[in-house]
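Residue-level structural notes
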Amino acid sequence: MYYTSTRDNSVRITPSMAILKGLSEEGGLFVPCEFPKLSASLSEIAKMDYKETAYLVMKDFLTDFTEEELKSCIAKAYDEKFDTEEIAPIAEADGVYYLELFHGKTIAFKDMALSILPHLLTTAAKKNNSDKETVILTATSGDTGKAALAGFAGVKGTRIIVFYPKGGVSKVQEKQMVTQKESNTLVIGVKGNFDDCQSKVKELFADKELKAKMADKGFCFSSANSINIGRLVPQIVYYVYAYGKLLSEERIKEGEKINVCVPTGNFGNILAAYFAKKMGLPINRLICASNENKVLFDFFESGEYDKNREFILTDSPSMDILISSNLERLIYFIVGSDSEKTKKLMEDLKSAGKYGIRDKFPELRADFDAEYANWDDCSKKIHDLYENVGYVIDTHTAVAAAAYDKYLKKHSDNTKTVIASTASPYKFARSVMKAIDPKFEKEDDFKLIDILSKASNTDVPAAIDEIRNAPVVHDTVCEISEMKGLVEKSLGL
Ligand SMILES: *Cc1c(COP(=O)(O)O)cnc(C)c1O
């Protein structure tokens, strides 16, 4: 199995090199040259636990890892850091299956991939005889940052630098990040929004002068953002696992198709579901759910992607994104694996902030539907689900749940549906409690967490208890223009 670039089809690299590099030289993203088919039957998959499913899926994407190497990475990732042996349990509420992806160390779905990425990366470095220290440079809309910090903290041969939009993440998200104490970690607030941070980080990756300076000092860059295939591949696993689980619990019949509805920002999570479908998992519709920053919804409606619009700060901050990086991979497949065409579209995006693929509209909609939900929709959904069945969802998951309700109003579809539940409600307790009862508005964030615990009759996760009284270690705030200087300074360049 080789990977090529969405912007240059002549690129051919091994899986481990694709993980090490993160991004292709000319700015494209790595995509597999072909899709492997699931190498076990659905009924066999139904008998597998999470780790076994992970091995089944990942071995065919990471073909230059030995069985021993890959199994060791999997064992180190999906262990007691998760608060349930199932790793990704399914909760049924109001006729829908919520795939809970928030049982890892930082209580958001980013843990699913970022628990394993450091191990994939250090293994890949060893395989390719790299003696360089890997510097992980990451822009975060809130959840990636902490999950990456937790994954890389103290990992030998790595350093991690995280940029987050100051004022653009939740209190709990910020506290989680700025209290990270290991000496190989650095966290910096940026005066700008997530897209500003992400664009600058991409620019730094492509900065030849910086790269040369780093190489001189024995460093190389890699990315923990969801553009790295080392993050994408582990995310395919939980869709396959969820299907097996539903089958083993006799909630579906073997081969029965399911819908998957995903609260979407950078388009990584839903792209992984699309990859699962390409592998042969019986998926009917992929429903892409947006919040008020509904650039993706508009794209799926019109075939035109246009980021020229106001950036809205919402109660689902991890989805406040106008440039969904991973969409480039879908575009590549939609235009027939044509890297010249993809490159042209991405250049249009860079120069004009938009591009259109109206001629490919049928292909675009072959697998995908899209809906969006505003705060009123989400607030009502959180409230009603709690009142009716006592199940509490977070604000991101609520976007998907409310969007799915809208989808059902438009389509008569009785396919069973899995909603990706991407964060613990504890991470967004303020917004969640506001939806359940506005009278809590005045309480402080940690008080609200205790109120949520009582209301939902669940324990406060360890991830929250850890940060209650933890000292702030990182307090640097900078302008966009200062990001490069701070990277150089921290590495002693
Ligand atoms: C990152 C994130 C999302 C969006 O996922 P993408 O892969 O970027 O589309 C949704 N919900 C939560 C809680 C997240 O952290």
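Coordinates for the structure precede this section.
Now for a look at the structure at hand. Since the structure is predicted, the reported quantities are computational estimates derived from the model, not experimental observations.

**Topic: the overall build of the protein**
- Looking only at helices and strands, one finds 22 helices and 16 strands in the protein.
- Against the globule reference of 23 Å for 493 residues, the protein gives a C-alpha radius of gyration of 21 Å, in line with a compact fold.
- A buried classification covers 61% of the 493 residues belonging to the protein.
- Restricting the contact set of the protein to residue pairs at least 6 apart, pairs at least 24 apart contribute 75%.
- Here the protein displays about 19,000 Å² of accessible surface, and carbon together with sulfur accounts for 47% of that area.
- For the protein, the separation between the mean place of its 65 positive charges and that of its 74 negative charges on side chains is 3 Å.

**Thoughts on the layout of surface pockets**
- Roughly 1,200 Å³ of volume is contained in the largest pocket.
- Lining the largest pocket are 40 residues, with Leu 23, Gly 27, Lys 202, Phe 205 and Ala 206 sitting closest to its centre.
- Secondary-structure elements contributing two or more residues to the lining of the largest pocket are helix 1 (15-21), helix 9 (194-205), helix 10 (208-216), strand 9 (219-223), helix 14 (327-334) and helix 15 (339-352).
- Considering only residue class, the lining of the largest pocket consists of 17 nonpolar, eight polar and 15 charged.

**What to know about the site of the ligand**
- The environment of the ligand is made up of 15 residues, and the closest members are Lys 110, Asp 143, Gly 265, Asn 266 and Thr 422.
- Within the backbone of Phe 267, one N or O atom sits 3.0 Å away from an oxygen atom of the ligand.
- Against a free-state accessible area of 390 Å², the protein chains account for coverage of 98% of the ligand.
- Structurally, the ligand is housed in the largest cavity.
- In the shell around the ligand, the residues fall into five nonpolar, eight polar and two charged.

**Quick word on the packing of helix 17 (residues 375-389) against helix 19 (residues 429-436)**
- Contact pair helix 17 / helix 19: the axes reach a minimum separation of 8 Å and the direction vectors enclose 75°. By the angle between their axes, helix 17 is roughly perpendicular relative to helix 19. Touching Trp 375, Ser 379, Ile 382, His 383 and Tyr 386 of helix 17 are Ser 431, Val 432, Lys 434, Ala 435 and Ile 436, all from helix 19.
- Each residue belonging to the contact of helix 17 with helix 19 can be placed in one class, and the counts come to six nonpolar, three polar and one charged.

**Regarding helix 6 (residues 117-127)**
- Of all eleven residues making up helix 6, eight are buried, and the element is well covered by its neighbours.
- Along helix 6, the residues that are buried comprise Leu 117, Pro 118, His 119, Leu 120, Leu 121, Thr 123, Ala 124 and Ala 125.

**So, the sheet that holds strand 1 (residues 3-5)**
- Ordered in space as 2-1-3, the three strands form an open sheet in which the pairing is antiparallel. Across the chains shown, the open sheet's two edge strands, defined by having one partner strand only, are strand 2 (8-13) and strand 3 (30-32). Averaged over all pairs of adjacent strands, the angle between strand axes in this sheet comes to 40°, irrespective of strand direction.
- Inspection of the sheet shows strand 1 paired to strand 3 by three bridges, in the antiparallel sense. Bridge pairing in strand 3 links Tyr 3 to Pro 32.
- The sheet strands contacting helix 14 are strand 1, strand 2 and strand 3, and the helix crosses strand 3 at an angle near 50°.

**A closer look at the pattern of salt bridges**
- As enumerated under the stated definition, the model contains 38 salt bridges in all.
- Here the salt bridges do not stand alone but share partners, grouping Arg 285, Glu 301, Arg 365 and Asp 369 into one network.

Cut-offs applied
- Residues numbered from 1 in each chain as written.
- Predicted model: local features only at pLDDT ≥ 70, side-chain atom pairs only at ≥ 80, totals over all residues.
- Heavy atoms only, no water.
- Helix = DSSP H or I, 4+ residues; strand = E, 2+ residues; numbered from the N terminus.
- Rg over C-alpha atoms; globule rule 2.2 N^0.38 Å.
- Buried < 20%, exposed > 50% of the residue type's maximum accessible area, 1.4 Å probe, protein only.
- Contact = heavy atoms within 4.5 Å.
- Areas by Shrake-Rupley, 256 points an atom, 1.4 Å probe, with all protein chains shown as cover.
- Lys, Arg positive; Asp, Glu negative; His and termini not counted.
- Charge placed at Lys NZ, Arg CZ, Asp CG, Glu CD.
- 1 Å grid on protein atoms, 1.4 Å probe; cavity = no way out; pocket = protein on both sides within 12 Å on 5 of 7 lines; lining within 4 Å.
- Points joined across faces, edges and corners; volume = space filled by probe spheres on them.
- Nonpolar A, V, L, I, M, F, W, Y, C, P; charged D, E, K, R; others polar.
- Near = heavy atom within 4 Å.
- Polar contact = N/O pair within 3.5 Å; in protein donor to acceptor, adjacent residues only side chain to side chain.
- Sits in = over half its atoms within 2 Å of the grid points.
- Axes fitted to C-alpha atoms, helices over the stretch in contact; angles between N-to-C directions.
- Parallel < 35°, antiparallel > 145°, perpendicular 65-115°, else oblique.
- Pairing = 2+ DSSP bridges.
- Salt bridge = Lys/Arg side-chain N within 4 Å of Asp/Glu carboxyl O.

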